[in-house]
Amino acid sequence: MKVKISGSEWKFVALISVVVVLATFLPVVYGYANESSGMKFMGLPTLVVDSNTYFDYMAQASHGAFLFVNSYDPESTEPFLISPVYWVMGLFSSMLPPLFVWHLFRAVLGLAFLLVSYYFISMVVQNVFARKLSFSFLAISSGFGGFLVLASMLTGKLFGSTIDLRMQSAITFLSLNGQPHTLFSLLMIVLTYIFFLKAFQKNSWRAYLFSGLTVFILGFTHPFDLLAARLALAAP
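Keep in mind it's a predicted model, so treat the numbers as computed, not measured.

Colleague: So what's going on with helix 10 (residues 180-202)? Which residues, and what values?
Modeller: For helix 10, spanning 23 residues, the distance from its first C-alpha to its last is 33 Å, which sits close to the expected 33 Å at 1.5 Å a residue. With 17 of 23 residues buried, helix 10 lies mostly within the body of the structure. Phi for Asn-203, located one or two positions after helix 10, is positive at around 50°.

Colleague: Describe the pattern of salt bridges, listing the residues and the values that go with them.
Modeller: This structure, assessed with the given rule, holds 2 salt bridges. For Glu-9, the salt bridge goes to Arg-131, with nearest N and O atoms at 3.1 Å. Remark: Arg-131 occurs in helix 6 (residues 128-139) and Glu-9 occurs in helix 1 (residues 7-23); sequence separation between them is 122 residues. Its relative accessible area of 3% is what places Glu-9 among the buried residues. Across the pair Lys-40 and Glu-35 runs a salt bridge whose closest N-O atoms are separated by 3.6 Å. In this structure Lys-40 comes out as exposed when scored by relative accessible area, which is 62%.

Colleague: Describe unusual backbone geometry, with residues and values.
Modeller: Glycine aside, negative phi is the norm for most residues, and most peptide bonds take the trans geometry. Phi is positive for Asn-203, which is not a glycine, with a value near 50°. Tracing the chain through its elements places Asn-203 in the loop between helix 10 and helix 11 (205-221).

Colleague: Please give an account of the layout of surface pockets that cites residues and values.
Modeller: Put simply, the largest pocket is a space of about 400 Å³. Lining the largest pocket are 20 residues, and of these Phe-113, Leu-186, Ile-189, Val-190 and Tyr-193 sit closest to its centre. For the lining of the largest pocket, the secondary structure elements donating two or more residues are helix 5 (98-124), helix 10 and helix 12 (225-234). In terms of residue count, helix 10 provides more of the lining of the largest pocket than any other element does, 5 residues in total. Roughly 170 Å³ of volume is contained in the second largest pocket. The wall of the second largest pocket is formed by 13 residues, among which Tyr-54, Ile-82, Ser-83, Phe-220 and Thr-221 lie closest to the centre. Secondary-structure elements contributing two or more residues to the lining of the second largest pocket are helix 3 (48-62), helix 4 (84-93) and helix 11.

Colleague: Provide a residue-level description of the nonpolar core, including the pertinent values.
Modeller: Formed by 42 residues in total, the largest nonpolar core has its most connected members in Met-58, Tyr-86, Met-89, Trp-102 and Leu-114. Beyond its immediate stretch of four places on either side in the chain, Met-89 contacts Met-58, Val-101, Trp-102, Phe-105 and Pro-180.

Colleague: With reference to specific residues and values, describe the packing of aromatic side chains.
Modeller: Evaluation of the coordinates by the stated rule reveals 14 aromatic pairs. Between Tyr-54 and Tyr-86, the aromatic rings sit 4.7 Å apart at their centres with planes inclined by 5°, giving stacked as the arrangement. Of the two residues, Tyr-54 sits in helix 3 while Tyr-86 sits in helix 4, which places them 32 residues apart along the sequence. Considered together, Tyr-54 and Tyr-86 belong to a single accessibility category, that of buried residues. Aromatic ring contacts, followed pair by pair, group Tyr-54, Phe-55, Tyr-57, Phe-68, Tyr-86 and Trp-102 into a single cluster. When the ring centre of Phe-25 is taken as reference, the NZ or CZ atom of Arg-106 above it lies at 4.3 Å.

Quick notes on the rules
Residues numbered from 1 in each chain as written. Predicted model: local features only at pLDDT ≥ 70, side-chain atom pairs only at ≥ 80, totals over all residues. Heavy atoms only, no water. Helix = DSSP H or I, 4+ residues; strand = E, 2+ residues; numbered from the N terminus. Expected span 1.5 Å × (residues − 1). Buried < 20%, exposed > 50% of the residue type's maximum accessible area, 1.4 Å probe, protein only. Salt bridge = Lys/Arg side-chain N within 4 Å of Asp/Glu carboxyl O. 1 Å grid on protein atoms, 1.4 Å probe; cavity = no way out; pocket = protein on both sides within 12 Å on 5 of 7 lines; lining within 4 Å. Points joined across faces, edges and corners; volume = space filled by probe spheres on them. Core = buried A, V, L, I, M, F, W, Y, C linked by side-chain atoms within 4.5 Å. Contact = heavy atoms within 4.5 Å. Phe/Tyr/Trp six-rings, centres within 6.5 Å; stacked < 30°, edge-to-face > 60°. Lys NZ or Arg CZ within 6 Å of the ring centre and 35° of its normal.

This is the structure we're talking about:
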């Protein structure tokens, strides 16, 4: 089935994508706006501890490394870690401020993920209104954790925590405000589905090849996402 997406659809998708990605910068702006003499915002609103590791990879790459070492290890070890996303980001950070590179890649990968996701939705949904509605839910998706937070604020009692409050990759919007490699992994997963569906529909060996290539890249970026991608492909 040939995918037909009109120019007006792409304008809608582009507008929503840009607005959503720009909205992810609001916590960053808020953080800088609320600095004080005793408090310094470091530029990352989420997952600060984990992100320090990736900034370290970028620093190693900016000094010419391709394989990385674990800088938290008290023992001296040989470089053995592979992270393609942060290797490329490290090359850019040798010329630009690392924090700028971080948010630049986060924005670009976020936009790419949203645009490619709409193409995938269009492959399986023919109704234009349904496409736009599905995409809108995808772009601003969240869980029920916000209701628990609101209930806690109103009652002063703690009602527990749901996965959308604790895990970045559980929802799209938080992923867009998170770490670049997560967005790259989501992009690779969606591309895998697109190529696999094209291969299945057209019996194209090229599409099968590209599907395998995106899975291969995903394995070097976020290995545990391979299970989720494989289970989705195996679903009836």
